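Residue-level structure breakdown
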Amino acid sequence: MGIDLDRVRAETPGCRSGVAHFNNAGSALPPQAVIDAVNDQFRLESTIGGYEAAEVSADAVERFYDAIAGLIGAGRDEIAYIENATRAWDMAFYAIPFRTGDRILTTTSEYASNAIAYIQIAAARGVSVEVVPDDEHGTISLEALEAELAKGGVRLVAINHIPTHNGLVNPAAEVGRLARAAGALYLLDACQSVGQLPVDVNEIGCDMLSATGRKFLRGPRGTGFLYVRRDVLPGLKPPFLDLLSAEWTGRESYELRDDARRFETWERYVAGQIGLGVAADYAVRLGLDAVHDRVGGLAARLREALAAKPGVTLLDRGAHRSGLVTFTLAGHESAAVKAALREHGVNVSTTDGSHQRFDAHAVPSAVRASPHYYNTEEEVERLVAALPSP
Ligand SMILES: *Cc1c(COP(=O)(O)O)cnc(C)c1O
């Protein structure tokens, strides 16, 4: 079954604003159900008190764990609510007990914040960070990865599923098979893929996965989550603890929680957690295959229309392409293209080459247009028609 476009647009107030929103890889428009969940909780907090409101909404808060677990094929005890994907990823990464000489393997398109963390830990713990070369499609070379793993000493394979600055999709499940066979931990940054395409942690074989609420999942800003596989959990010690993640058991002792919530903190954006659970349920109800088909179809159409436009250079690599469409326009700075489109009621974003220092193909700046399933074919045409002349 495909996406019922009229229905999803009717359920999205932002679709009535007249703006064509092609910045879903930045922050998507939430559906009414998410808006209501967040607003209702905040209203309740402001009426009866925050702690009292959390008690009243305890079931909705707990529902979050089942909703996210259902979305990615995990168990509810393997899910932690964290305020954004960066901190979720950090909590997993900095929990790994690296030893001097350990190797970390990553990919050329890795997210800047992750890369900075590798460099920090490399210096602090004497581990090496190695960037596995691309294959001919621009995605991580499985051959090269296998060869590096065979040399031994790899503690962690950490890659992104879909990068932020290019329309490629990394072969996450193939990487998972190789990492597992080599006995390495596997951390997947699924920030741009969760909510855009089917993501199943068992099919992929990752040990840890981080994602954000506001992108393709259409949740509130300031929300995210971490998945940690049950059997690797005991070996991971969170870099920060509090009275939720651990129990203070004696004058000089504490005990860590034994589920993934050992990565959480007690205080949180409760309304956001409820809203993110609602967003996950909404995505599952639509069906991630249907979402993937429509996003892929709109992105392909957009690439085709852009390719026919004089002066446009499409930058997307990968044999399998995501809904992130990146391009430059001859004679125009990307920031100016973004501003010109904004004047015409079309939202896009730009990429920053200084965030891509592992990627020899990265350009100083590109325009990024990222459709979601609620965008229309007419909006795609509007975007392309509104581009300045080269
Ligand atoms: C957006 C993004 C992040 C960071 O997510 P936040 O929720 O902003 O912390 C990490 N990785 C990738 C690939 C992203 O696109």
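What you see is a predicted model; the values in this text were computed from it and never measured. (Residues numbered from 1 in each chain as written. Predicted model: local features only at pLDDT ≥ 70, side-chain atom pairs only at ≥ 80, totals over all residues. Heavy atoms only, no water.)

Next up on the list: the sheet that holds strand S12 (residues 325–329). Pairing within the open sheet is antiparallel, and its four strands lie in the order S11-S12-S15-S14. Strands at the two margins of the open sheet, each flanked by one partner only, are strand S11 (312–314) and strand S14 (349–352). Between one strand and the next, the sheet's axes are offset by a mean angle of 40 degrees, whatever the strand orientation. Here S14 runs beside strand S15 (residues 365–369); their pairing, made up of four bridges, is antiparallel. Within the sheet, the bridge partner assigned to Thr 350 lies in S15 and is Val 367. Here helix H11 (residues 288–307) sits on the sheet and contacts S11, S12 and S15; the angle it forms with S12, its principal contact strand, is near 15 degrees. (Pairing = 2+ DSSP bridges. Helix = DSSP H or I, 4+ residues; strand = E, 2+ residues; numbered from the N terminus. Axes fitted to C-alpha atoms, helices over the stretch in contact; angles between N-to-C directions. Contact = heavy atoms within 4.5 Å.)

Attention now moves to the packing of aromatic side chains. All chains considered together, the criterion is met by nine aromatic pairs. The interplanar angle of 20 degrees and the centroid separation of 4.8 Å between the aromatic rings of Trp 89 and Phe 93 together place this pair among those described as stacked. With Trp 89 and Phe 93 both in helix H5 (residues 85–93), this residue pair falls four residues apart, about one helical turn. The residues Trp 89 and Phe 93 share a single accessibility class, namely buried. Seen in terms of ring centroids, Phe 93 and Tyr 118 are 5.5 Å apart; in terms of plane orientation they differ by 75 degrees. Their pairing is edge-to-face. One end of the pair, Phe 93, is in helix H5; the other, Tyr 118, is in helix H6 (residues 112–125), with 25 residues separating them in the sequence. (Phe/Tyr/Trp six-rings, centres within 6.5 Å; stacked < 30°, edge-to-face > 60°. Buried < 20%, exposed > 50% of the residue type's maximum accessible area, 1.4 Å probe, protein only.)

This part covers the UniProt feature "domain: Aminotransferase class V" (unreviewed entry) in the protein. The UniProt entry lists residues 22–383 under the feature "domain: Aminotransferase class V" (unreviewed entry), expressed in the numbering used here. Note that residues 22–383 is 39% helix and 18% strand, and that its end C-alpha atoms are spaced 9 Å apart. (UniProt positions renumbered as here; feature names shortened; annotations may be inferred.)

Judged by pairing direction, the sheet is mixed, and its seven strands sit side by side in the order S2-S8-S7-S6-S5-S3-S4 without closing on themselves. A single partner strand is all that each edge strand has here, and the edge strands are strand S2 (79–82) and strand S4 (128–132). Between one strand and the next, the sheet's axes are offset by a mean angle of 20 degrees, whatever the strand orientation. Judged from the three bridges that link them, strand S3 (residues 103–107) and strand S5 (residues 154–160) form a sheet pairing that is parallel. Bridged to Ile 104 within S5 is Leu 156. Along the sheet, helix H4 (residues 58–72) contacts S2, strand S7 (208–212) and strand S8 (224–228); its crossing angle with S2, the most-contacted strand, is approximately 115 degrees. Together, S5 and strand S6 (185–189) form the strand contacts of helix H8 (residues 172–182), whose direction differs from that of S6 by roughly 165 degrees.

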